[in-house]
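Remarks on the overall topology
Residue strings, one per chain:
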Protein chains: 2
Amino acid sequence: MASARPMVNHRGPEFRRLVLDVTARLKWFFRTENDVLTLTASGTGGLEAAVVNTLSPGDRVLAVSVGVFGDRFAAIARAYGADVVKLDFPWGKAADPDQIAARLAADPNIRTVLVTHNETSTGVTNDLTAISKIVKERDRLLLVDAVSSLGALPLPVDQLGCDVVVTGSQKSWMIPPGLAMISISRAGWEACARATMPRFYFDLASAKRSLEKGETPFTPAVSLFFALEESLRMMEEEGREAIAERHRRVGAQARDGVRDLGLALLADERVASNTVTAVKAPDGIETRELLRILREEHGVVLAGGQGRLADKIFRIGHLGWVTEADIDAALSALRVVLARMITATDNR
Amino acid sequence: MASARPMVNHRGPEFRRLVLDVTARLKWFFRTENDVLTLTASGTGGLEAAVVNTLSPGDRVLAVSVGVFGDRFAAIARAYGADVVKLDFPWGKAADPDQIAARLAADPNIRTVLVTHNETSTGVTNDLTAISKIVKERDRLLLVDAVSSLGALPLPVDQLGCDVVVTGSQKSWMIPPGLAMISISRAGWEACARATMPRFYFDLASAKRSLEKGETPFTPAVSLFFALEESLRMMEEEGREAIAERHRRVGAQARDGVRDLGLALLADERVASNTVTAVKAPDGIETRELLRILREEHGVVLAGGQGRLADKIFRIGHLGWVTEADIDAALSALRVVLARMITATDNR
């Protein structure tokens, strides 16, 4: 059929219904009355939107980092000219809320705090309840990278007072990558009105104006919106508490299983993520080779370490549609392959 | 299966093969030896990448506009602080290469030219051969919005010397929106090395470094990469000349058919686009109502006018997988609905 549309006309009634429905369902999972906007980009694009819409060049921000993604959030702010004060914690540890409080007390010029809720590179979940309390009591703006947490780990956006919260479609939402979903509070919009960092594609005010007409400013990734609607329906059927509970179960199961194999976890149990488990690579085992055998011979895809953790850890993902049986299968394969590799090493 | 991957691990061998294959096939359609990079964003994100990677705040640029998308390209450059000199032509007309030449001759400070190859809002294709000759003879950088042309209309990137060329997945490439593909020349990279506009998500140098490892800097829209590979295979089967020839045929057919209905075209025949036909709304006919009836009763989706052309025109798209039979069906439905609406108007 002749048409000027990509698949559905994204300026037509079909897409209008779709984007409004998806937005309402997302708000329920965000537990927020704030605006929720969906951008065609991966999670990093969403983090960029959080930064450029709320900050001006020269603004001092506290960037709390416990790994690769915390560093990335800081790097985005720096690329756009923010005066970034970095607060780093050892990889595998969580951010210490008291140290955040001390920094904010010491420097009233810090008006904005960037924090990663769940750090995928190290398998650590920060205590966002404690952090948000400190940041909001001191009336600073709180920008949260919740790319790999929201939907699977408890994150009541309004209750915690998070101003901007970013997540990505390929994580808890279980659809392919390509959409970033962002909530923004009233204080966030006030910051937005003052912020002078340049923005066009990621301009949230323009996204909000379009959404009021049931549209997006630019052509949206329509197929992913359809997938997201379906996925949100499935997630509602399971229930948001049940999803969080399932992630708690499989997270504990993965950590127990790893310890049973005699392996060490990177993260402290108290702060270990229920969406990804980082395992220290055992001595004498080539991580890359371990992952290759698991993938090619067992169909189990684990991830290596990122940045300075390359070859030092491997990671078991358990975010999204993952059950106890999946974790069992991954652990069994790991047991078989490790035994073989250790024997081979011993016989060398 | 437990995994830290979205669908395929985008840092693994499967995606590596995919992104390298897609890139090689795209180069063939771009007819270029330049780098081609694929970003997870819609076409406008690609245009933003073209601007922020090659320009610095304060740089004077000539933004040639013949419609909504030319205006958008200019607006992006302005948002990032470029000193934009706008060269506007009446909507429905093409850009006059002589006027571009005169502007460049008059102002040696203009180092970069922005131009839309095919203006979807008015159904006009600019004479990129003449324009690129003028721009490159005068040694200026040429940034081309080829979102709705490349792949369907002839655009030999290297032969014309286009420095940065942007297209989008939902256009000639016939897959859902969400990927922007960009070629960048040696002169483009030189500009990139000097350019100081802030960039992170759309940083092309970082995309190039990642592509050399068969990766993307951030999580890519994996499902769209798979779809693109399949679509490129189909397009290769038809052949790039055959695709252009088919678009010439259906373009002419659409225009002839519209004239046969006694309707007027917005664009001059000489510059009319072979991917979209803009039709002046006949007197006394409510465009919105016409499009609604066509959509709901005939399953024919035409587009309305954008910006100041809203309600003044409607548009028949014929980009991508469109055949003569599709155009016939659209024209027949249009004939039936128009006759009915005109009778109703006469009887009022």
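Basis of the calculations
- Residue positions are counted from 1 within each chain, in the order its sequence is given.
- All chains are assigned letters beginning at A, and all ligands numbers beginning at 1, according to the order in which they are written.
- Per-residue local features are limited, in this predicted model, to residues with pLDDT of at least 70; the limit for side-chain atom pairs, both in listing and counting, is 80 or more; totals at the level of whole chains, interfaces and linings are taken over all residues.
- Each side-chain value is worked out from all heavy atoms of the structure, with water and hydrogens disregarded.
- Numbering of helices and strands starts at the N terminus; helices are DSSP runs of H or I of at least 4 residues and strands are runs of E of at least 2.
- Only the C-alpha atoms count toward the radius of gyration. The rule for a globule is 2.2 Å times the residue count to the power 0.38.
- Buried residues are those whose accessible area, probed at 1.4 Å on protein chains only, stays under 20% of the maximum for their type, while exposed residues exceed 50% and partly exposed ones sit between those limits.
- Superposing the copies works by least squares over the C-alpha atoms of residues that have pLDDT at least 70 in both of them.
- The contact criterion used is simple: two residues touch if any of their non-hydrogen atoms lie within 4.5 Å.
- Lines fitted to the C-alpha atoms define the axes, with helices restricted to the stretch that makes contact. Angles between their N-to-C directions range from 0 to 180 degrees.
- Each angle is binned into one of four classes, with values under 35 degrees roughly parallel, values over 145 roughly antiparallel, values of 65 to 115 roughly perpendicular, and all other values oblique.
- By convention, the crossing between two helices is left-handed when the near helix turns anticlockwise from the far helix through less than a right angle, and right-handed when the turn is clockwise.
- Gly falls in the polar group here, along with every residue not listed as nonpolar (Ala, Val, Leu, Ile, Met, Phe, Trp, Tyr, Cys, Pro) or charged (Asp, Glu, Lys, Arg).
- When two parts are brought into contact, each loses some accessible area as probed by a 1.4 Å sphere; the total of that loss over both is the buried area.
- When a carboxyl oxygen of Asp or Glu is within 4 Å of a side-chain nitrogen of Lys or Arg, the pair counts as a salt bridge.
- Here, any two strands with at least 2 DSSP bridges between them count as paired.
- Two N or O atoms form a polar contact when they lie within 3.5 Å of each other; inside protein one atom must be a possible hydrogen donor and the other a possible acceptor, and for residues adjacent in sequence the pair counts only when both atoms belong to side chains.
- For every residue, the predictor assigns a confidence score, pLDDT, that lies between 0 and 100.
- Any Phe, Tyr or Trp ring, taking Trp's six-membered ring, that has another such ring centre within 6.5 Å forms a pair; planes under 30 degrees apart are called stacked, those over 60 apart edge-to-face, and the others tilted.

A tally of helices and strands in chain A yields 12 helices and 12 strands. On C-alpha atoms alone, chain A measures out to a radius of gyration of 21 Å, which is about the 20 Å that the 2.2 N^0.38 rule sets for 348 residues. Structurally, chain A occupies a C-alpha span of about 65 × 60 × 35 Å along its principal axes. Buried positions account for 64% of the 348 residues belonging to chain A.

What follows is about the relation of the copies chain B and chain A. With an RMSD of 0.0 Å, the fit of chain B onto chain A corresponds to turning through 180° and sliding 0.0 Å along the axis. The two molecules are tied by a two-fold rotation axis, judged by turn and shift. Residue Ala41 of chain B of chain B places its C-alpha closer to the rotation axis than any other residue of that unit, at 2.6 Å. By residue overlap, the copies meet face to face through one surface: 100% of the interface positions of chain B are interface positions in chain A.

Residues and elements named next belong to chain B. Residue position: Ser183 is located in strand 9 (residues 179-184). Exposure remark for Ser183: the relative accessible area of 0% places this residue in the buried category. Among residues more than four places away in sequence, those in contact with Ser183 are Phe30, Thr32, Asp35, Val36, Val157, Asp163, Val164 and Val165.

Moving on, we come to the packing of helix 10 (residues 240-260) of chain A against helix 12 (residues 324-346) of chain A. Residues and elements named next belong to chain A. In the contact formed by helix 10 and helix 12, the axes pass within 10 Å of each other and the chain directions differ by 20°. On the basis of their axis angle, the class for helix 10 and helix 12 is roughly parallel. Here helix 10 and helix 12 pass one another in a crossing that is right-handed. For the pair helix 10 and helix 12, the contacting residues are Arg249, Val250, Gln253, Ala254, Gly257 and Val258 in the first and Glu324, Ile327, Asp328 and Leu331 in the second. Class assignment of the residues belonging to the contact of helix 10 with helix 12 gives a composition of five nonpolar, two polar and three charged.

The next point concerns the interface of chain B and chain A. In this assembly, 51 residues from chain B lie in contact with 51 residues from chain A. In total, about 3900 Å² of surface goes out of reach between chain B and chain A, with carbon and sulfur atoms giving 66% of it. Along the contact surface separating chain B from chain A lie zero salt bridges. For the side of chain B that touches chain A, the secondary-structure elements that each account for two or more residues are helix 2 (43-54), helix 3 (68-79), helix 9 (222-238), strand 12 (313-317) and helix 12 (324-346) of chain B. Broken down by element, the side of chain B that touches chain A gets its largest block of residues, four residues, from helix 3 of chain B. By residue class, the composition of the side of chain B that touches chain A is 30 nonpolar, 13 polar and eight charged.

On to unusual backbone geometry. The bulk of non-glycine residues show a negative phi, and the bulk of peptide bonds are trans. Residues and elements named next belong to chain A. Notably, Asp139 is not glycine yet its phi reads approximately 60°, a positive angle. Its place among the elements puts Asp139 in the loop between helix 5 (128-137) and strand 7 (141-145). Residue Asp139 is classed as exposed on the basis of its relative accessible area, which comes to 57%.

Another aspect to go through is the sheet that holds strand 12 of chain B. Strand pairing in a sheet relies on backbone hydrogen bonds, with the paired strands running either antiparallel or parallel. Residue and element names in this part refer to chain B. As summarised here, the arrangement of the three strands in space is 10-12-11, forming an open sheet in which the pairing is antiparallel. Only two strands of the sheet have a single neighbouring strand rather than two, namely strand 10 (276-280) and strand 11 (303-304). Examined bridge by bridge, strand 11 and strand 12 share two bridges and lie antiparallel to one another. Among the inter-strand pairings, Ala303 is bridged to a residue of strand 12, identified as Arg315.

For Thr216 of chain B, the location among the structural elements is in the loop between helix 8 (204-211) and helix 9. A distance of 2.6 Å separates a polar side-chain atom of Thr216 of chain B from the backbone oxygen of Phe218 of chain B.

This brings us to the confidence of the model for chain A. Residue and element names in this part refer to chain A. With 98% of its residues at a pLDDT of 70 or more, chain A has an overall mean of 95. Note that pLDDT drops below 50 for residues 1-6; the model gives that stretch 24 contacts with residues more than four away or on any other chain. Predicted complex, confidence summary: ipTM 0.94, pTM 0.95.

Let us look at the sheet that holds strand 3 (residues 83-88) of chain A. All names here are of chain A. What the seven strands build is an open sheet, ordered 1-9-8-7-4-2-3; its pairing is mixed. Every other strand in the sheet has two partners, leaving strand 1 (35-40) and strand 3 as the edge strands with one partner each. Neighbour to neighbour, the strand axes of the sheet diverge by 20° on average, direction disregarded. As judged from the five bridges shared by strand 8 (residues 164-168) and strand 9 (residues 179-184), these two strands associate in the antiparallel manner. Counted as the bridge partner of Val166 is Ile182 from strand 9. Packed onto the sheet, helix 5 meets strand 4 (110-116) and strand 7 and runs at close to 155° relative to strand 7.

Turning next to the pattern of salt bridges. Counted by the stated rule, this structure contains 58 salt bridges over all chains. Each of Arg17, Glu229, Glu230 and Arg233 of chain A takes part in one network of salt bridges that share partners.

On to the packing of aromatic side chains. Counting across every chain of the model gives 17 aromatic pairs over all chains. Both rings, one in Phe200 of chain A and one in Phe218 of chain A, keep their centres 5.5 Å apart while their planes meet at 20°; by these two values the pair is stacked. Of this pair, Phe200 of chain A sits in the loop between helix 7 (186-194) and helix 8 (204-211) while Phe218 of chain A sits in the loop between helix 8 and helix 9 (222-238); the two residues are 18 residues apart in sequence, bridging distant segments of the chain. Classification of Phe200 of chain A by relative accessible area gives buried; the value is 16%. On the basis of relative accessibility, which here comes to 9%, the residue Phe218 of chain A falls in the buried class. Note on Tyr201 of chain A and Phe218 of chain A: the rings are 5.6 Å apart at their centroids and 10° apart in plane angle, and the pair reads as stacked. In this pair, Tyr201 of chain A sits in the loop between helix 7 and helix 8 while Phe218 of chain A sits in the loop between helix 8 and helix 9, placing the two residues 17 residues apart along the sequence. One aromatic cluster in this structure is built from Phe200, Tyr201, Phe202 and Phe218 of chain A together with Phe200, Tyr201, Phe202 and Phe218 of chain B.

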